[in-house]
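# Secondary and tertiary structure notes
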Amino acid sequence: MLSAAVILVGGQGTRLRPLTYQLPKPMIPVLNRPFLEHTLAYLKNYEVGSTILALSYLPEAIQSHLGDGANLGMPLNYAVEAKALGTAGAVKNAESYLESTFAVLNGDIFTDLDLGDMLTFHRRKRAKATIALTWVDNPCAFGVVETEGDGRVRRFTEKPSPDRVTTNWINAGIYILEPEVLRHVPEASHYMFERGLFPRLLELDEPVYGYPFSGYWLDMGTPEKYLRLNCDLLSVKVASHLIPGLSQDGIYCEADATIHPSASIASPVVIGGGCRIDQGVQIKGPVVIGAGCHIGEGASLERAVLWTGVSVKAGSCLKQCLVNRSEIGGKEQIIDFSHP
Ligand code: GTP
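No experiment lies behind these values; they were computed from the predicted model shown.

On to the state of the cysteines. Scanning the entire structure with this criterion turns up zero disulfides. Left without a disulfide partner, Cys275 is nearest to the cysteine sulfur of Cys293, which lies 4.8 Å away. Judged by its relative accessible area of 2%, Cys275 is buried.

Following this line, the structure appears as structure tokens:
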């Protein structure tokens with residue numbers, strides 16, 4: 001059992017601007033539900049004493065939506081930073097909740113990693129810190145982690161240039177830690193795991209281990225990856241514990257949506273409440289349509305995510321895209337991000 005899990009919800013989501021000007025990245029809808037709710041549903045599968053949200057950017061938006069967690073059936077605590085403290089500084093700020101072995105999750109990661117198995121690994125190795133590792137084709141934009149044969153971490157390299165890549169295993173942003181490591185994190189200062197605490201633990205010869213896993217892992221922090229996550233969930237490449245039992249053949253439509261009988265809808269598709277889909281519309285999944293959208297006559301949608309209240313003009317063709325504004329399209333307008 002983990003005494004606690006801390007979810008880091010702090011960055012400004014710079015790679016998702018302008019979507020994140022008013023909405024913190026973890027509140028962005030994935031299959032019409034805030035991303036963070038998917039993460040919380042994942043955590044609910046494990047025996048976790050308490051869940052703490054470490055917040056720095058637009059904390060009110062998250063606190064007012066989730067409250068004390070009663071609606072989700074899991075008690076939530078908050079550790080809010082007056083100014084951003086960095087990944088390790090944010091966990092230090094939540095230290096009063098952390099009595100024994102706990103987990104830390106980056107708030108923008110979607111994964112099906114087996115946290116129970118990772119905890120068993122952590123215990124077997126008697127590690128002070130265990131870092132989940134995922135394999136990527138091109139590790140140059142990530143923190144690379146070199147390990148010994150037994151999994152003990154030898155070296156960290158942040159964002160290596162191509163000629164300095166020694167392994168494709170990268171830090172997946174999921175950690176299991178012993179509370180005592182937090183004594184190496186300064187109080188109320190900006191401090192990071194990747195460049196601060198973990199290299200410091202290696203210098204001190206503390207047992208830091210890498211836990212490689214081969215399951216699904218995606219950092220949804222860019223528009224392309226955000227779109228991919230929605231599509232992967234709908235295509236059942238990975239499952240969300242928040243919305244179990246999705247099928248690739250599914251057309252999930254809220255009861256009060258109105259769909260013209262001539263509209264053609266090919267799965268997998270999610271259609272939110274109050275949507276209106278007009279004559280001759282063609283929808284080819286994976287497609288997610290937020291609540292209250294209107295899809296005008298003859299429009300076509302393919303591999304697209306529409307947020308709440310979008311009006312797609314008649315005759316528009318939307319392909320491979322994400323729409324968060326209230327009105328889009330027109331007969332002459334083709335929106336296709338697949339070949340930028
Ligand atoms: P953004 O796109 O700006 O969020 O940056 P990033 O995705 O590159 O985030 P980074 O890898 O720096 O951080 C990993 C996780 O820690 C993300 O979920 C961030 O939201 C979160 N995080 C980063 N800095 C802070 C911080 O100062 N405080 C808190 N609470 N969380 C943070």
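Back to the write-up after that little detour.
Moving on to the domain arrangement of the protein chain. Taken domain by domain, the protein chain comprises domain 1 (4-221) and domain 2 (247-335). Using C-alpha coordinates to define each centre, domain 1 is positioned 35 Å away from domain 2. Counting residues at the interface gives six residues for domain 1, matched by nine residues for domain 2. When domain 1 packs against domain 2, close to 560 Å² is buried across both sides, 75% of that on carbon and sulfur atoms. Per-residue buried area on domain 1 facing domain 2 is highest for Leu19, Leu31 and Asn32; these three make up 74% of the total on that side. Between domain 1 and domain 2 we count zero salt bridges in total. Taken together, domain 1 and domain 2 are joined by one residue pair in polar contact (both at pLDDT 80 or more). Each residue belonging to the side of domain 1 that touches domain 2 can be placed in one class, and the counts come to five nonpolar, one polar and no charged.

Attention now goes to the sheet that holds strand β18 (residues 276-277). Across the sheet, five strands lie side by side as β15-β18-β20-β22-β24; this open sheet has parallel pairing. At either end of the open sheet lies a strand with only one pairing partner, and these are β15 (258-259) and β24 (327-328). As judged from the two bridges shared by β18 and strand β20 (residues 294-295), these two strands associate in the parallel manner. Within β20, the position partnered with Arg276 by the bridge is His294.

Structurally, the position occupied by Arg200 is in helix α5 (residues 193-203). Once the C-alpha coordinates of Arg200 and Val185 are considered, the two residues, 15 residues apart in sequence, prove to be 9.6 Å apart.

Here we come to the site of the ligand. The ligand sits among 21 residues. The nearest are Gly11, Lys25, Glu81, Gly86 and Asp108. Here a nitrogen atom of the ligand sits 2.9 Å away from a polar atom, N or O, in the main chain of Ala54. Leu85 places a main-chain nitrogen or oxygen 3.3 Å from an oxygen atom of the ligand. Of all the secondary-structure elements, those providing two or more residues to the shell around the ligand are β1 (2-9), β4 (48-55) and α3 (86-92).

This next bit is on the nonpolar core. Core analysis: the largest hydrophobic core is formed by 39 residues, its most contacted members being Leu43, Leu53, Ile62, Leu66 and Leu113. The contacts of Ile62, once residues within four sequence positions are left out, are Val9, Pro24, Met27, Leu36, Leu53, Leu55, Gly67 and Tyr78. Leu8, Ala54, Ala129 and Phe198 belong to the second-largest nonpolar core, a separate cluster that totals 31 residues.

Let us look at helix α2 (residues 59-66). Among the residues making up α2, those that are buried are Pro59, Ile62 and Leu66. Taken end-on, α2 shows its buried residues confined to a sector of 70°, consistent with a single buried face. Turned more than 90 degrees from where α2 packs its buried face, Glu60 and Ser64 sit exposed. Looking at the residues trailing α2, positive phi occurs at Gly67, about 55°.

Now for the pairing of strand β8 (residues 129-135). Burial of β8 is extensive: six of the seven residues sit out of reach of the surface. In this sheet, strand β12 (residues 208-212) lies alongside β8 in parallel orientation, the contact comprising five bridges. Paired with Ile131 across the bridge in β12 is Gly210.

Moving on to helix α4 (residues 115-124). Of all the positions in α4, only Leu115, Met118, Leu119, Phe121 and His122 are classed as buried. On an axial view of α4, the arc spanned by its buried residues comes to 160°, and they lie on one face. Against the buried residues of α4 lie β1, α1 (35-43), β8, β11 (169-177) and β12. For α4, the side-chain oxygen to backbone nitrogen distance between the N-cap and Gly116 is 3.0 Å, and the N-cap itself is Asp114. Of the residues one or two after α4, Arg126 is the one with positive phi, at around 50°.

Next up on the list: the pattern of salt bridges. Counted according to the given criterion, the structure contains 14 salt bridges. A salt bridge links Arg155 to Glu146; the shortest N-O distance between them is 3.1 Å. According to the relative accessible area criterion, Arg155 is partly exposed, its value standing at 44%. Three or more residues are tied together by salt bridges with common partners; here these are Glu146, Glu148, Arg154 and Arg155.

Quick look at the environment of Gly173 now. Mapped onto the elements of the fold, Gly173 is located in strand β11. Judged by its relative accessible area of 2%, Gly173 is buried. Separated by 47 residues in the primary sequence, Gly173 and Met220 place their C-alpha atoms 12 Å from one another.

We now examine the packing of aromatic side chains. On inspection of all chains with the given rule, the structure shows eleven aromatic pairs. Seen in terms of ring centroids, Tyr42 and Tyr46 are 5.5 Å apart; in terms of plane orientation they differ by 65°. Their pairing is edge-to-face. Here the aromatic rings of Phe156 and Phe198 are separated by 5.9 Å at their centres, their planes lie at 20°, and the arrangement is stacked. Of this pair, Phe156 sits in strand β10 (residues 153-158) while Phe198 sits in helix α5, placing them 42 residues apart in sequence. By relative accessible area, Phe156 is classed as buried at 18%. Three or more aromatic residues joined by ring pairs form one cluster here, namely Phe156, Tyr175, Phe193 and Phe198.

Cut-offs and rules
- Residues numbered from 1 in each chain as written.
- Predicted model: local features only at pLDDT ≥ 70, side-chain atom pairs only at ≥ 80, totals over all residues.
- Heavy atoms only, no water.
- Disulfide = S-S within 2.5 Å.
- Buried < 20%, exposed > 50% of the residue type's maximum accessible area, 1.4 Å probe, protein only.
- Domains from an automatic or database assignment.
- Contact = heavy atoms within 4.5 Å.
- Buried area = accessible area lost by both parts, 1.4 Å probe.
- Salt bridge = Lys/Arg side-chain N within 4 Å of Asp/Glu carboxyl O.
- Polar contact = N/O pair within 3.5 Å; in protein donor to acceptor, adjacent residues only side chain to side chain.
- Nonpolar A, V, L, I, M, F, W, Y, C, P; charged D, E, K, R; others polar.
- Pairing = 2+ DSSP bridges.
- Helix = DSSP H or I, 4+ residues; strand = E, 2+ residues; numbered from the N terminus.
- Near = heavy atom within 4 Å.
- Core = buried A, V, L, I, M, F, W, Y, C linked by side-chain atoms within 4.5 Å.
- Arc of directions from axis to C-beta.
- Phe/Tyr/Trp six-rings, centres within 6.5 Å; stacked < 30°, edge-to-face > 60°.

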